[in-house]
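Structure assessment
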Amino acid sequence: MRMAALAYPWSHDQERSVTRKVAVVPHTHWDREWYAGFAYFRMRLVELMDQLLDLLESDPGWSHFLLDGQVAMVEDYLELRPQAAPRIRDLVRAGRLEVGPWYVLMDEMLVSAETIVRNLQLGVAGATALGGHLRVGYLPDMFGHTAQMPQILREAGLEHAVVWRGVPAAIERTGFWWRALDGSTVRAEYLPAGYGNGVSLPEDPDALGRRLRALQAQLGPLLGDEDEILLMNGSDHQAPDPHLPAVLEAANATLGDFELRITSLAEHLASAPTAGLPSWTGELRSSARAQLLMGVASNRVDLKAAAAVVERSLERLAEPLAALWLPAAAWPSEQLDRAWLEVVRNSAHDSICACSADEVGAAVRSRYATAKSIADGVVEASLAAAGAAFDQPGTVVVNPSPRARSGLVEVVLAGAEPPPGCQLLEQRAAGSLQREIRGEELSAALSELGASGWLDDGEPSGMSVERTGGSLVLDLVSDGARDADRSLRPVGSAMAEAIAEAGADPHGPVSIRVERRASMRVLCRAVDVPGYGWAPLRTDQGPPVERQVRGGDNWLDNGLVHLAVSPADGTFALNGLAGLDRLVDGGDAGDTYNYSPPAEDLVVERPDSVAVTLVEDGPLRGRLRVRRRLTWPERIEEDRRVGSVTVEVTTLLELRAEEPLVRVTTCFDNPSRDHRLRALLPLAERAERSEAECAFGVVSRPLQAEGGPGEVGIPTFPSRRWVRAGGVTVTHEGLAEHEVVDDGWQLAITLLRCTGVISRPNPVLRPSAAGPGLPTRDTQLVGPVAIRYAVAVGDVDPWALTEDAWVPLFAEGGGGGGTRPLSAGSHLAVAGAEVSSLRRVSGGLELRVFNPTDDPTRVVLDGRSGWLVDLLGRPLERWTDGFPLRPWGIATARLDEATAGN
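Here is a short report on the structure shown in this document. Predicted model only: the values in this text are computed from it and were never measured.

1. Regarding the overall build of the chain
Scanning the chain from N- to C-terminus turns up 15 helices and 47 strands. Taken against the 2.2 N^0.38 rule, which gives 29 Å for 902 residues, the C-alpha radius of gyration of the chain at 31 Å falls within 12% of a compact globule. When burial is assessed residue by residue, the chain has 60% of its 902 residues classed as buried. Nonlocal contacts in the chain, meaning residues at least 24 apart in sequence, comprise 76% of its contacts between residues at least 6 apart. Positive and negative side-chain charges in the chain, numbering 88 and 123 respectively, have mean positions lying 1 Å apart.

Structural data, given as structure tokens:
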């Protein structure tokens, strides 16, 4: 167990005159990777599964075993023991082996809503292929539970949940009604002593009786008079006890006050009492009864950032772009399935929470890199299809978002003078070059010309090949342009001909002549690009930008926002709200699970020096570079910060035309260990609560957190992509932890939390261990760090702000020859709700939306029709032109094939 069972203040002996029933659920809790890597744990898994299958097949007393509610352990086992698949299927179909409904036991706070859904879908599909899935939302070891989980479970046909961490003190029964924000309700079973309250049962009946009486006393009033005790017979990586049926039979023959039976979790919950139960609405994030381990939101921010980038790349870019621009038959299902598998595997609580060995962190990073590469490839192919779709040459701006948007795109144009309203980034002068080589050197010479900027993206815009006086002559044209007036000339066949001819005469003379025309890289503002649509980029006749960016030595202004940097401390002001981005560095004597202040802390919040440089002054984008030199302690020894290191923190502040937000990119080479770095943001008004995005919704939290004997409750809370308080909104890339401090007047965003051990035995804020005390190196994050977030002051839509900050518009050039007119249009108009997912399923479009408000809405899909389905794809009801959506509701719509074409 990761935590010893707590002694509850109500523990007392209960005298009973009737027999208490005890449901014994044999199980194992399986971390795919944790204090060692996946390969190590799979060796142990194979040994356990071999033993378990033999036991279930040879002893009918072993009627049930729970495989931790996740399918990954079965798949991992079958990869090495494929011959065992029929045995597992027989046991699952017989109801003796419970698998699923999850693929892995994920963390609910640190991954996206879609990652949770895809995890559930993978788990149900995998378990169904094995014979059926556990119809219980088994959530035994998550570090808190998201507010919409009951709705997610009900949308998958699950009516029960089993939880441990996060249950507040207000819940005074082991069973309670847990409601999502929309009112969806499941019966939740709380495990007061964790998922291992029945591990290693004694074989002696008298000893077993004493243990059961102690457990019953510990449960106290949590246990109703007629409630059956749920005894979870297993723990972390625990093999089954072969003697369990005999032990229970002996106990039943001896003990008069208990009646024990081996059963399944589903059977136990099916008969659990439902009358008179307390209820709770929203997230479960209390430390009153068990360690919540809240610090997992802020360790290894590099992995959290990678998760944010990859989930965005799949959900907001790759899937919608491929669904809308690629033919249905070309939907890259195999590639996207692989990417999602890597993301879901990383969502396992010990993996994304980074409370693991360094080997595990490296594996998580590698999986995200694989998924990102796949997503990037799908985006590239989809945009190429978009560029080729139009009937005239030109550049189109592609919007992967459901919102109609305006924004900046970067393009390369012919000429030396940027069009009015565009911003020049880089110029390439006209010129010419001639090179004499041998035939065998042609390929290398072309590569060199591409790398040195003489050819467009490594290839010419046009070329001719001829022989003159025995020499092979290549005339190449490089115009560098990607604008609407450029006619792309096919050069592939001519280039192949030249390379083949040169190869046939490797020592023959080759003359390469390059004419490079003047070109420039510029920023342009695309205006009113329809949601899930496109618009031509007209750099020569676009509307003027009314509120352009201007800049000075330490300020930027776009008519909406005035940004000024203080040369004294490097903080910045937005529209007069000063002191934003104050860097506060303090010691952390905790571990990967919890922050813990050292006994002798040294907090650094003022830089030694500040330098501010104007990098870009508009008219479309302004940038200021702020360099702050600071002196930090180097490490913690004997619970105090010691040593001294110098660090230069470089922050790039970016303001764009017509936007209310300031983008912040902070980079530095971290030289310090055992510390926590936070950015403090003063609030425009005193906050009594904060609001943050959670899976499919918003959670509102007070300035305090409920603690208990196992963990001090500190109000450091997670957010998915954005948090707001006191008139300030922050949208971020993986900076999951925030806290409202200074009595409601400042918002603290954790930029970095560095520790060097998985778990300490008794840090200040958690007086017992949460895991093994193994040292780690990578969790100190010594080395380069890059952090991104954006800030807006005032009344802004956080969903739109987040989309504008992180989801780009794409400019794609094409040479004509397609079928679409080169005018603005949209593949799919969606209004009335936020979109979580757009992809193809079975050839048709599937759209998942949610309503993050207290008011009912109507999702408008004019001209479309289809079916509403649940999260597992089962049909619910027909719809035409849209459908109503309750407050905080989630809905998944399949579009009829006749209305879902590209």
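2. Focus: helix H15 (residues 798–806)
Taking burial as the measure, the nine residues of H15 include eight buried ones, the bulk of the element. Taken together, the buried positions of H15 are occupied by Pro798, Trp799, Ala800, Leu801, Thr802, Glu803, Ala805 and Trp806. N-capping of H15 is provided by Asp797, with a side-chain oxygen placed 3.0 Å from the backbone N of Trp799.

3. A word on the sheet that holds strand E35 (residues 717–718)
One open sheet accounts for five strands, arranged E25-E32-E39-E38-E35; its pairing is antiparallel. The sheet is open, and its two edges are formed by strand E25 (582–587) and E35, each paired on a single side. One ladder, built from four bridges, connects strand E38 (residues 737–741) with strand E39 (residues 746–754); its direction is antiparallel. In the strand pairing of E39, Val740 is matched with Leu747.

4. Examining the pattern of salt bridges
Within the structure shown, the criterion is met by 62 salt bridges. When the shortest N-O distance is used, the salt bridge between Glu733 and Arg788 registers 2.7 Å. With Glu733 in the loop between strand E37 (728–732) and E38 and Arg788 in strand E40 (residues 783–793), this pair connects stretches of sequence that are 55 residues apart. Judged by its relative accessible area of 9%, Glu733 falls in the buried class. One network of salt bridges, in which partners are shared, links Glu114, Arg118, Glu319, Arg839, Glu846, Arg848 and Arg894.

5. Some words on the environment of Leu80
Here Leu80 lies in helix H2 (residues 72–80). Judged by relative accessible area, Leu80 falls into the partly exposed class, the value being 44%. Expressed as a C-alpha distance, the spacing of Leu80 and Arg42, which sit 38 residues apart in the sequence, is 9.3 Å. Excluding its chain neighbours within four sequence positions, the residues that come into contact with Leu80 are Arg42 and Val46.

6. Things to note about the packing of aromatic side chains
If you walk through the whole model with that rule in mind, you get 14 aromatic pairs. The interplanar angle of 70 degrees and the centroid separation of 5.5 Å between the aromatic rings of Trp799 and Phe850 together place this pair among those described as edge-to-face. Pair noted here: Trp799 is in helix H15 and Phe850 is in strand E44 (residues 844–850), with a separation of 51 residues, a long-range link. In terms of burial, Trp799 and Phe850 fall into one category: buried. Each residue in the set Trp34, Tyr35, Tyr40 and Phe41 is aromatic and connected to the rest through ring pairs, giving one cluster. One cation-aromatic arrangement involves Arg32 over Phe38; the distance from NZ or CZ to the ring centre is 4.2 Å. Across the ring face of Tyr595, the terminal group of Arg676 is positioned such that the distance to the ring centre comes to 3.7 Å.

7. Structural notes on the pairing of E37
For E37, the buried fraction is high: five of the five residues fall into the buried class. The alternating pattern of E37 places Val728, Val730 and His732 and Thr729 and Thr731 on opposite faces, both of which are buried. With four bridges joining them, strand E36 (residues 722–725) and E37 adopt antiparallel strand pairing. Its bridge partner lying in E37, Val723 is registered against Val730. Counting the residues in the hairpin turn of E36 and E37 gives two residues, including Gly726, whose phi is positive at 55 degrees. One ladder, built from five bridges, connects E37 with E40; its direction is antiparallel. Within E40, the residue paired with Val728 across the bridge is Val793.

8. Observations regarding the environment of Arg721
As for its position among the elements, Arg721 is in the loop between E35 and E36. Using a relative accessible area of 23% as the deciding quantity, one classes Arg721 as partly exposed. Along the backbone, Arg721 and Ala297 are 424 residues apart, and their C-alpha atoms lie at a distance of 13 Å. Excluding residues that lie within four positions of it along the chain, Arg721 makes contacts with Glu693, Val730, Thr731, His732, Trp799, Thr802 and Glu803.

9. Observations regarding the packing of helix H4 (residues 113–130) against helix H10 (residues 333–346)
Close contact between H4 and H10 brings their axes to 10 Å; oriented N to C, the two are set at 105 degrees. Between H4 and H10, the angle falls in the class roughly perpendicular. Contacts from Glu114, Thr115, Arg118, Asn119 and Leu122 in H4 reach Trp340, Leu341, Val343 and Val344 in H10. Grouping the constituent residues of the contact of H4 with H10 by class yields five nonpolar, two polar and two charged.

10. Topic: the pairing of strand E9 (residues 258–262)
Of the two faces of E9, the one lined by Phe258, Leu260 and Ile262 is fully buried and the one lined by Glu259 and Arg261 carries no buried residue. The sheet contact formed by strand E1 (residues 20–26) and E9 spans five bridges and is parallel. The partner of Lys21 across the bridge, within E9, is Glu259.

11. Side note on the sheet that holds strand E13 (residues 423–428)
Pairing within the open sheet is antiparallel, and its three strands lie in the order E12-E18-E13. The open sheet terminates on both sides in strands that have one partner only, identified here as strand E12 (405–414) and E13. With direction set aside, neighbouring strand axes in the sheet form an average angle of 30 degrees. Sheet topology note: the E13/strand E18 (residues 519–529) ladder contains five bridges and is antiparallel.

12. What about the environment of Ala736?
In this structure, Ala736 sits in the loop between E37 and E38. The exposure class of Ala736 is buried, given its relative accessible area of 7%. C-alpha separation for the pair Ala736 and Ala692, spaced 44 residues apart in sequence, amounts to 10.0 Å. Sequence-distant contacts of Ala736, defined by excluding residues within four places in its chain, comprise Leu110, Ala297, Phe717, Pro718 and Ser719.

13. Structural notes on unusual backbone geometry
Across the junction of Gly100 and Pro101, the peptide omega takes the value 10 degrees, indicating a cis bond. Structurally, Pro101 is set in the loop between strand E3 (97–98) and H4. Cis rather than trans, the peptide bond between Gly618 and Pro619 has omega equal to 15 degrees. Counting through the fold element by element, Pro619 comes out in the loop between strand E26 (609–617) and strand E27 (621–632).

14. Some thoughts on the side chain of Ser837
When you line up the elements, Ser837 lands in strand E43 (residues 834–841). In terms of polar contacts, Ser837 uses its side chain to reach the side chain of Arg118, at 3.0 Å. Not counting the four nearest positions on each side in its chain, Ser837 is found in contact with Glu114, Arg118, Glu319, Glu846, Leu847 and Arg848.

About the thresholds
Residues numbered from 1 in each chain as written. Predicted model: local features only at pLDDT ≥ 70, side-chain atom pairs only at ≥ 80, totals over all residues. Heavy atoms only, no water. Helix = DSSP H or I, 4+ residues; strand = E, 2+ residues; numbered from the N terminus. Rg over C-alpha atoms; globule rule 2.2 N^0.38 Å. Buried < 20%, exposed > 50% of the residue type's maximum accessible area, 1.4 Å probe, protein only. Contact = heavy atoms within 4.5 Å. Lys, Arg positive; Asp, Glu negative; His and termini not counted. Charge placed at Lys NZ, Arg CZ, Asp CG, Glu CD. Polar contact = N/O pair within 3.5 Å; in protein donor to acceptor, adjacent residues only side chain to side chain. Pairing = 2+ DSSP bridges. Salt bridge = Lys/Arg side-chain N within 4 Å of Asp/Glu carboxyl O. Phe/Tyr/Trp six-rings, centres within 6.5 Å; stacked < 30°, edge-to-face > 60°. Lys NZ or Arg CZ within 6 Å of the ring centre and 35° of its normal. Axes fitted to C-alpha atoms, helices over the stretch in contact; angles between N-to-C directions. Parallel < 35°, antiparallel > 145°, perpendicular 65-115°, else oblique. Nonpolar A, V, L, I, M, F, W, Y, C, P; charged D, E, K, R; others polar.

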